[in-house]
There are 2 protein chains.
Amino acid sequence: MLIRLDPASAEPLFAQLAAAVRGAIARGDVAAGERLPSARVLAESLGLNVHTVLHGYQQLRDEGLVELRRGRGAVVTEAGASGLARLHEAVAGVVAEAHRLGLSADELTALIRREYS
Amino acid sequence: MLIRLDPASAEPLFAQLAAAVRGAIARGDVAAGERLPSARVLAESLGLNVHTVLHGYQQLRDEGLVELRRGRGAVVTEAGASGLARLHEAVAGVVAEAHRLGLSADELTALIRREYS
DNA sequence: CAATTTGTTCTATTAGAGCTAGAACAATAC
DNA sequence: GTATTGTTCTAGCTCTAATAGAACAAATTG
C-alpha cells in the first residue's frame, strides 16, 4: 500500500492519509481483516507525527472502515471493504465525465456535497 | 436562491457559499447571464463579512463559473452554466448509490479525490 | 456628466484547526 | 510477564478563516 502525501496541499495530512487508505480499500489493495501498519511505524516511514497518523486512522474508524484496538492496530472491517468496492465503478464513471468537462476535483466534490444535503 | 450556511462545519464559510451557488447553477436555478446579489447585500442578509462573500465569489470566478465586474456584480457565465448542467445527472446517480450504501459525504468525496489523482 | 453601485486592494486583529512534541496510561498480543 | 499499540493529556507553533475598516477604481444608472 503506497501512500503519497503532499504537505503543500490545502487538504490536511491526516485527511490525505485517510483518503489514501480509503482508496486502497476501495480498490481491493487491502482486504477485509487485514491489518494496517501501526501508527508509530507508519508515522516513522512517512515522516509524520504519531498523532497525525492516529487522527487519520480515527477518521476511518468513525466512517466504519477500520477497527482500532490496542495491541492489535487498525484492521479493515468487512462492511467497509464490501461497501466501498461496490461504489467504486460508479465513482470512476462520474470522475471521467467531470474530467471530460474540465472540472476540478473541488468543483465536483462541491456538487456532491450539495447533492447530499 | 436559498443559501444555508453552517458556521460549525469544518468547511469554510466562503467555500460553503461557493458550493451553494455552484449547486444553484448546476440545478438551473440561476441561468447564464443572470446577476447574483452584490457581495455587500448578500453579506448583510447572511450575516457575513463582505470579504467572506467576495472570497466565495472569487473562487467561483477562478473556476470560470461567474464573471466579476465593478458596478455590475457577479454574472453567471455561459460555459459554467452549461458544463455544470450536463454533469448534474451523473452526480445525482452516484450520490444516490452512495447514500444507499450508507456512506458519508466525506467518504464519497475522498473516493472522488483519489480517483482524480 | 454626476452620483451611485460594486468589486479591488490594503492593513490589522482575533479565533480556531492542523501539526508537532513529549509523556503517561490501558488493553491486547505474544 | 514483556512488548506492542491505541488512548488521553498538556503544550506550543503556524497557518487559514473570518472579521473590521478604509480608500480606491471601474462600471452602471439617471
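Identification of chain A as GntR family transcriptional regulator from Jiangella rhizosphaerae is taken from an unreviewed UniProt entry.

Around DNA strand D, 23 residues are found, and the nearest of them are A:Arg40, A:Arg61, B:Leu13, B:His51 and B:Thr52. Among all atoms of DNA strand D positioned within 4 Å of the protein, those belonging to sugar or phosphate total 63%. At 3.1 Å, a backbone N or O of A:Ala39 approaches a phosphate oxygen of DNA strand D. Contact distances for DNA strand D include 2.9 Å between a sugar or linking oxygen and a backbone N or O atom of B:Arg70.

Looking now at the protein's contact with DNA strand C. Neighbouring DNA strand C are 23 residues; A:Leu13, A:His51, A:Thr52, B:Arg40 and B:Arg61 lie closest to it. Protein-adjacent atoms of DNA strand C, using a 4 Å cutoff, are sugar or phosphate at a proportion of 63%. Between DNA strand C and the protein, one listed contact pairs a phosphate oxygen with a backbone N or O atom of A:Phe14 at 3.4 Å. Taking B:Arg70, its side chain carries an N or O atom lying 3.2 Å from a base nitrogen of DNA strand C. The element best represented in the surface near DNA strand C is helix H3 (residues 50–62) of chain B, accounting for four residues. Broken down by class, the residue content of the surface near DNA strand C amounts to eight nonpolar, nine polar and six charged.

The next point concerns the packing of helix H1 (residues 13–26) of chain A against helix H3 (residues 50–62) of chain A. Residue and element names in this part refer to chain A. Remark: H1 packs on H3, axes separated minimally by 8 Å, with the N-to-C direction vectors making an angle of 50°. Here H3 runs oblique to H1, going by the angle between their axes. Here H1 and H3 pass one another in a crossing that is right-handed. Here Leu13, Phe14, Leu17, Ala18, Val21 and Arg22 of H1 lie close against H3, whose contacting residues are Thr52, Val53, His55, Gly56, Gln59 and Leu60. Among the residues making up the contact of H1 with H3, the classes are represented as seven nonpolar, four polar and one charged.

This next bit is on the pairing of strand E2 (residues 73–76) of chain A. Residues and elements named next belong to chain A. One ladder, built from four bridges, connects strand E1 (residues 66–69) with E2; its direction is antiparallel. Bridged to Glu67 within E2 is Val75. In textbook terms, the turn of a hairpin is the stretch between consecutive antiparallel strands, and for E1 and E2 this stretch comprises three residues, one of which, Gly71, has a positive phi near 85°.

This model, assessed by the stated rule, comprises eight salt bridges over all chains. With a closest N to O distance of 3.8 Å, A:Arg72 and A:Glu67 form a salt bridge. On the accessibility criterion, A:Arg72 (31% relative accessible area) is partly exposed. Two residues, B:Glu67 and B:Arg69, come together in a salt bridge whose shortest N-O distance is 3.9 Å.

The rules we used
Residues numbered from 1 in each chain as written. Chains lettered and ligands numbered in written order. Predicted model: local features only at pLDDT ≥ 70, side-chain atom pairs only at ≥ 80, totals over all residues. Heavy atoms only, no water. Near = heavy atom within 4 Å. Polar contact = N/O pair within 3.5 Å; in protein donor to acceptor, adjacent residues only side chain to side chain. Helix = DSSP H or I, 4+ residues; strand = E, 2+ residues; numbered from the N terminus. Nonpolar A, V, L, I, M, F, W, Y, C, P; charged D, E, K, R; others polar. Axes fitted to C-alpha atoms, helices over the stretch in contact; angles between N-to-C directions. Parallel < 35°, antiparallel > 145°, perpendicular 65-115°, else oblique. Left-handed = near helix turned anticlockwise from the far one by under 90°. Contact = heavy atoms within 4.5 Å. Pairing = 2+ DSSP bridges. Salt bridge = Lys/Arg side-chain N within 4 Å of Asp/Glu carboxyl O. Buried < 20%, exposed > 50% of the residue type's maximum accessible area, 1.4 Å probe, protein only.

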